[in-house]
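Architecture and fold: a report
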Protein chains: 2
Amino acid sequence: MELTENLIQRVNVGDSLTRAAAARPDRPAVVDGTRAWTYAEFNALVNRLAHGLAGSGYTRGDVLGLASGNSAEFLAVYYACAKLGVACVPINLGWRPDEVAYVLGHSGARGLVVEAQLVGAMSEAVAKVSDVADVVVAPGTGGGYTPEPADRRWLELAELYSDNQAEPEFLVEDRDALSYLYTSGTTSFPKGVVGSHLAIYLESMSGALDSGWRADDRFAAMMPMFHTAQLNAFCTPAVMVGATIHVLRGFDPAGLLDLIERERITQVFGLPMMYRAMLDDPSFAGRDMSSLRRCVYAMAPMPDALIRACLDGFGCDFALLFGQTEMSPVTTLFRPEHQLSHIGAVGTPITGVQVAIMSPDGELLPAGEQGEIVYRGPSTMSGYLHNPSATSEAFAHGWFHSGDVGHFGPDGVLWFADRYKDVIKTGGENVASIEVEKAVYAVEPRIAEVVVVGLPHDRWSEAITAVVVARPGEELGEAELIAALKGRLDGYKVPKSIIFTEEFPRTSTGKIQKNVVRERYRDHYR
Amino acid sequence: MELTENLIQRVNVGDSLTRAAAARPDRPAVVDGTRAWTYAEFNALVNRLAHGLAGSGYTRGDVLGLASGNSAEFLAVYYACAKLGVACVPINLGWRPDEVAYVLGHSGARGLVVEAQLVGAMSEAVAKVSDVADVVVAPGTGGGYTPEPADRRWLELAELYSDNQAEPEFLVEDRDALSYLYTSGTTSFPKGVVGSHLAIYLESMSGALDSGWRADDRFAAMMPMFHTAQLNAFCTPAVMVGATIHVLRGFDPAGLLDLIERERITQVFGLPMMYRAMLDDPSFAGRDMSSLRRCVYAMAPMPDALIRACLDGFGCDFALLFGQTEMSPVTTLFRPEHQLSHIGAVGTPITGVQVAIMSPDGELLPAGEQGEIVYRGPSTMSGYLHNPSATSEAFAHGWFHSGDVGHFGPDGVLWFADRYKDVIKTGGENVASIEVEKAVYAVEPRIAEVVVVGLPHDRWSEAITAVVVARPGEELGEAELIAALKGRLDGYKVPKSIIFTEEFPRTSTGKIQKNVVRERYRDHYR
């Protein structure tokens with residue numbers, strides 16, 4: 001496509017900022033602490049950065065790492081990359097240096113934007129990847145830093161801003177990569193999910209449609225922007241409709257409550273425990289939460305008691321997002337009208353995503369039958385970067401394989417059972433590890449954490465086994481716990497034994513590594 | 001792109017039907033008289049037709065004409081084409097046979113679907129185009145027909161339905177053509193607007209977002225489906241969200257009012273005069289219009305008195321759509337909140353379309369300045385079929401040129417002044433012909449119709465001239481009318497003379513050919 005046609009017709013996430021600035025120049029776009037930009041101002045900032053990056057030689061197809069907490073600069077770099085056709089690689093701030101080095105090297109990053117306070121944490125990784133030629137230091141939370149490794153070009157983000165704030169006009173194709181989002185693997189180095197402009201644009205528009213985003217929304221962005229959920233289920237839809245993003249560095253119950261009241265926040269996205277913490281805040285009772293239209297949660301369902309307390313306390317709609325990085329990321333929305341009638345479900349498909357249940361041999365299954373959750377839709381990733389075999393495995397039978405197991409109810413609502421690899425095959429039956437975990441929590445409040453795995457067993461093939469960490473100071477008995485579970489679970493779902501331990505192996509982001517647990521106890525029945 | 005990846009990731013308007021059927025199989029999709037289909041049933045019907053067309057040799061890139069009034073079959077053929085990658089060419093039922101023949105020949109149609117009652121009207125055109133090999137007769141409003149020209153393959157639509165209702169899985173790329181929509185030219189044969197799947201999908205999603213479409217909407221489709229406004233501003237967005245389309249063959253005030261009451265219709269799209277006719281219907285006062293959420297109008301603004309009467313009488317939101325076929329078609333939405341405060345405006349941009357004002361030398365102009373309305377956005381046409389020079393003219397300076405003149409107000413609302421070619425250059429000033437026409441109507445109620453053009457003049461370059469048709473039996477005086485206009489218009493906008501005539505030259509769809517009027521009187525001042 002010629003540049004002229006490209007500029008007219010293309011799908012580019014950066015253009016959604018351009019258009020918001022054209023249509024609503026004076027609306028507030030980004031508020032970060034005491035700094036604030038209207039759409040016209042923020043678009044001008046992004047344009048200046050895009051011209052600066054172009055002046056430093058960054059061009060379509062190049063890759064730029066981004067190690068930053070939530071900040072206006074995070075969003076500015078992301079949108080500047082979009083307008084240039086540069087792929088942005090957000091760095092998960094929970095990764096170990098070897099993971100960061102792997103991602104920088106694997107993605108082919110030629111530069112890294114890093115906040116001043118993170119320079120020390122990133123230098124070990126950067127030192128390992130000689131292709132990272134430029135280190136661009138964003139102000140972040142301030143403070144001095146040592147420019148190491150010294151064999152790179154170091155510059156301040158401020159130096160990169162060009163004086164030219166005209167709209168950059170570079171050819172960027174619909175399916176050029178906007179981001180490589182690396183998923184934290186529990187078993188290996190992360191895989192790079194290639195997100196095209198098209199995929200993320202359509203996800204953003206569908207997000208705006210399905211979640212009812214409006215130009216007068218004011219959104220509190222406290223979840224990490226390096227996560228796809230925050231970035232593409234909230235920030236890019238907000239920009240698409242011209243809403244306001246209030247940037248928060250993290251979660252602090254009283255601080256968030258203050259912000260909601262002061263700025264009349266309309267949408268919030270957080271973990272269930274964050275809503276719990278706000279409800280439990282001593283100041284909650286006197287707060288005015290009337291500006292809230294919608295609170296969204298993800299990562300985990302809300303227990304019955306919590307969702308009821310939330311609906312009561314916040315007095316607005318609640319919804320859960322379900323999906324994964326490879327789907328940019330939302331696939332189903334657990335809608336406000338289902339929150340109380342379908343507790344534990346993950347919702348109905350968003351516009352633009354087809355959700356189906358597939359048998360292991362690639363047949364689509366009818367409602368009521370359990371199988372792997374599979375997806376089709378233009379917000380699907382292009383593939384895994386430099387990993388054609390993983391990509392073709394994920395795309396088997398012409399559907400994207402989520403690795404999740406679930407089923408549809410008769411009313412079209414999707415229920416998630418377990419991660420496919422965590423389903424236990426025992427005595428000819430399939431048992432969702434999560435179902436057993438929920439039962440353990442329900443019967444024994446003295447448990448801090450439980451992981452249920454299937455361990456090799458001569459008779460059962462896999463024997464259901466609960467690995468338990470007790471609350472501090474508590475003593476638990478195996479026989480007692482098994483007896484309690486027999487009153488709650490079908491016989492074949494009851495653990496064959498309970499293993500007590502002190503702690504679980506975790507990824508750098510805190511996720512329990514079930515595969516390591518399985519490996520650790522693999523000879524338990526032998 | 002491989003088929004497997006294509007099926008997962010592509011943008012295809014047919015997939016929006018597939019997804020609606022998967023997510024909401026039992027929701028009513030299409031109601032046409034006494035016939036009704038759920039989404040599962042309608043999708044199965046479309047799939048059977050797609051397989052039938054494929055069995056008849058239709059494949060990606062082929063072209064199928066569609067001469068049909070509003071019917072379930074119109075929509076079924078359109079979606080079957082989408083799923084196959086066949087380009088659909090809706091025939092405007094107001095075209096003359098030579099225009100139909102031109103469109104069939106120019107588009108390269110290898111077949112034509114035609115309703116039984118239209119066979120006679122289409123046979124002359126088909127006879128002229130030997131490439132149209134197949135004539136497929138849809139039931140339409142019934143009645144016998146003569147299969148002429150006899151040298152074609154004639155078949156009934158019913159014969160085409162395959163027994164296979166499985167999802168067709170053919171490779172169709174994002175920017176493959178879904179439709180060639182020919183715009184009725186006032187000066188020449190129509191131009192074929194190439195609408196890609198991507199453009200129409202994004203337009204539909206933006207339509208759903210900006211107009212707030214919901215799955216529980218029930219839409220009365222009375223405007224012709226061969227027009228882009230009905231087809232892509234209403235029918236494809238309705239399918240995208242899984243709403244219900246009630247098909248009407250045309251407009252009948254009492255019939256529509258009955259339907260609204262009986263089916264609890266939520267959205268209507270019609271001309272201003274149709275709302276007038278409903279208000280004037282003797283039965284209106286006793287009607288229950290409470291199901292209506294939104295009434296949309298297009299083609300012409302509503303006068304102050306009418307919009308007020310509508311808001312009062314229907315008690316729901318009103319909105320106007322503005323755009324053109326080349327933009328798939330909506331570019332701005334004159335939103336409910338502006339209906340009374342901005343009478344005569346055309347609204348604010350929809351999501352995904354950038355609207356700007358351009359000077360004749362390609363500079364973008366600030367708010368308040370008048371110039372050509374230009375657009376960017378992924379719902380822009382791919383180009384004019386087989387007409388690269390018209391395409392590159394339309395895409396000059398990297399924007400799509402609408403041919404409309406207008407300006408933005410300080411609040412970001414767009415005001416349309418005139419078609420670019422109808423602006424009169426007189427004595428160094430630009431005058432919108434429409435402004436003068438409005439003034440003539442305002443000062444002289446005895447006028448049936450007026451057209452204002454600029455005619456060649458030695459002193460004024462173009463002399464503003466009003467060509468007038470009086471109401472039957474009325475006698476009007478030139479001096480009297482000019483005197484009245486002097487009290488209403490700036491001096492340089494007052495017509496230099498008035499020409500009285502009996503009737504105006506028109507296109508087949510009834511549009512006045514201003515260019516023919518100009519030509520007819522070109523020597524008036526010489």
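For the structure itself, look to the data block above.
Just so you know, these numbers come straight off a predicted model, no measurement behind them.

**Description of the relation of the copies chain B and chain A**
The operation relating chain B to chain A is a screw motion whose rotation component is 180°, with 0.0 Å of axial translation and a residual RMSD of 0.2 Å. When the rotation and shift are considered jointly, the pair of chain copies conforms to a two-fold rotation axis. Considering only C-alpha atoms, the part of chain B nearest the rotation axis is Leu209 of chain B, at 2.4 Å.

**What about the side chain of Asp217 of chain A?**
Residues and elements named next belong to chain A. Position of Asp217 among the secondary structure elements: in the loop between helix 8 (197-210) and strand 10 (218-221). Among the polar contacts made by the side chain of Asp217, one reaches the main-chain amide nitrogen of Arg214 at a distance of 2.9 Å. The contact partners of Asp217, leaving out residues within four places of it in the chain, are Arg27, Gly212, Ala243, Thr244, Thr266, Gln267 and Arg293.

**Observations concerning the interface of chain B and chain A**
Between chain B and chain A, the residue contacts involve 40 residues of the former and 40 residues of the latter. Taking both sides of the interface into account, the surface hidden between chain B and chain A amounts to around 3400 Å²; carbon and sulfur atoms contribute 63%. Summed over the shared surface of chain B and chain A, the number is 12 residue pairs in polar contact (both at pLDDT 80 or more). Contributing elements (two or more residues each) for the side of chain B that touches chain A: helix 1 (3-9), helix 2 (13-23), helix 8 (197-210), helix 9 (228-241) and strand 19 (371-376) of chain B. For the side of chain B that touches chain A, the element with the highest residue contribution is helix 8 of chain B, accounting for seven residues.

**Let's talk about unusual backbone geometry**
The general pattern is negative phi for most residues beyond glycine and trans for most peptide bonds. Look at the link from Glu148 of chain A to Pro149 of chain A: it is a cis peptide, with omega at 5°. With respect to the element layout, Pro149 of chain A can be found in the loop between strand 6 (134-138) and strand 7 (153-156). A positive phi is found at His397 of chain B, a non-glycine position, where the angle reads about 60°.

**Some points on the sheet that holds strand 14 (residues 317-323) of chain A**
All names here are of chain A. Across the sheet, which stays open at both edges, the nine strands sit in the order 2-1-11-10-12-13-14-15-16 with mixed pairing between neighbours. Two strands close off the open sheet at either side, each with one partner strand: strand 2 (35-38) and strand 16 (348-349). Both strand 12 (residues 267-270) and strand 13 (residues 294-297) contribute to a ladder of four bridges, which runs parallel. Opposite Phe269, over in strand 13, you have Val296 as the bridge partner.

**Points about the sheet that holds strand 21 (residues 400-408) of chain A**
Residue and element names in this part refer to chain A. If you trace the five strands from one edge of the open sheet to the other, you get 18-17-19-21-22, paired in antiparallel fashion. Of all the strands in the sheet, just strand 18 (364-365) and strand 22 (414-419) have a single pairing partner and so form its edges. Two elements, strand 21 and strand 22, share five bridges in a ladder whose sense is antiparallel. From the neighbouring strand, Gly406 faces strand 22, where its bridge partner is Phe416.

**A short note on the pairing of strand 14 of chain A**
All names here are of chain A. Most of strand 14 sits out of view: five of its seven residues are buried. Judged from the four bridges that link them, strand 13 and strand 14 form a sheet pairing that is parallel. Residue pairing in the sheet places Cys295 in a bridge with Phe318 of strand 14. In terms of handedness, the path from strand 13 via helix 12 (residues 304-314) over to strand 14 forms a crossover that is right-handed. Hairpin connection, strand 14 to strand 15 (residues 330-334): the antiparallel pair is bridged by six residues, and Ser328 has positive phi, about 75°.

**Description of the environment of Ala233 of chain B**
All names here are of chain B. Checked against the element boundaries, Ala233 lands in helix 9. With 28 residues separating them in the primary sequence, Ala233 and Met205 have C-alpha atoms 9.6 Å apart. With sequence-adjacent residues up to four places away left out, Ala233 is seen in contact with Glu203, Trp213, Thr228, Leu321, Pro329 and Val330.

**Let's talk about the pattern of salt bridges**
Residues and elements named next belong to chain B. Tallied over the entire structure, the rule returns 66 salt bridges over all chains. Residue Arg419 is joined to Asp404 by a salt bridge in which the shortest nitrogen-to-oxygen separation is 2.7 Å. One end of the pair, Arg419, is in strand 22 (residues 414-419); the other, Asp404, is in strand 21 (residues 400-408), and 15 residues separate them in sequence. On the basis of relative accessible area, Arg419 is assigned to the partly exposed category, the value being 31%. The exposure class of Asp404 is buried, given its relative accessible area of 4%. Across the salt bridge formed by Arg522 and Glu519, the nearest N and O atoms sit 3.5 Å from each other. By relative accessible area, which is 33% here, Arg522 ends up partly exposed.

The rules behind each value
- Residue indices follow the written sequence of each chain, beginning from 1 at its first position.
- By the order in which they are written, chains take letters starting at A while ligands take numbers starting at 1.
- The model is predicted, so local features are restricted to residues of pLDDT at least 70 and side-chain atom pairs to those at 80 or more, both for listing and for counting; the totals for chains, interfaces and linings are taken over all residues.
- Water and hydrogen atoms play no part in the side-chain values, which are based on all heavy atoms of the structure.
- Least squares is the method used to superpose the copies, on C-alpha atoms of residues holding a pLDDT of at least 70 in both.
- Here a strand is any run of E in DSSP of at least two residues, a helix any run of H or I of at least four, and the numbering for each starts at the N terminus.
- Any pair of N or O atoms that falls within 3.5 Å is considered a polar contact. Within protein, one atom must be able to donate a hydrogen and the other to accept it, and sequence-neighbouring residues count only if both atoms are side-chain atoms.
- Residues are treated as being in contact if the distance between any of their heavy atoms lies within 4.5 Å.
- Here the quantity called buried area is the accessible surface, traced with a 1.4 Å probe, that two parts lose on coming together, added over both.
- In this analysis, strands are considered paired if DSSP registers two or more bridges between them.
- Burial status follows relative accessibility: with a 1.4 Å probe on protein chains alone, a residue under 20% of its type maximum counts as buried, one over 50% as exposed, and anything between as partly exposed.
- Crossovers are described as right-handed under a simple rule: with the strands pointing away from the observer, the path leading from the first strand over the helix to the second runs clockwise.
- Salt bridges are identified by distance alone: a Lys or Arg side-chain nitrogen within 4 Å of an Asp or Glu carboxyl oxygen.

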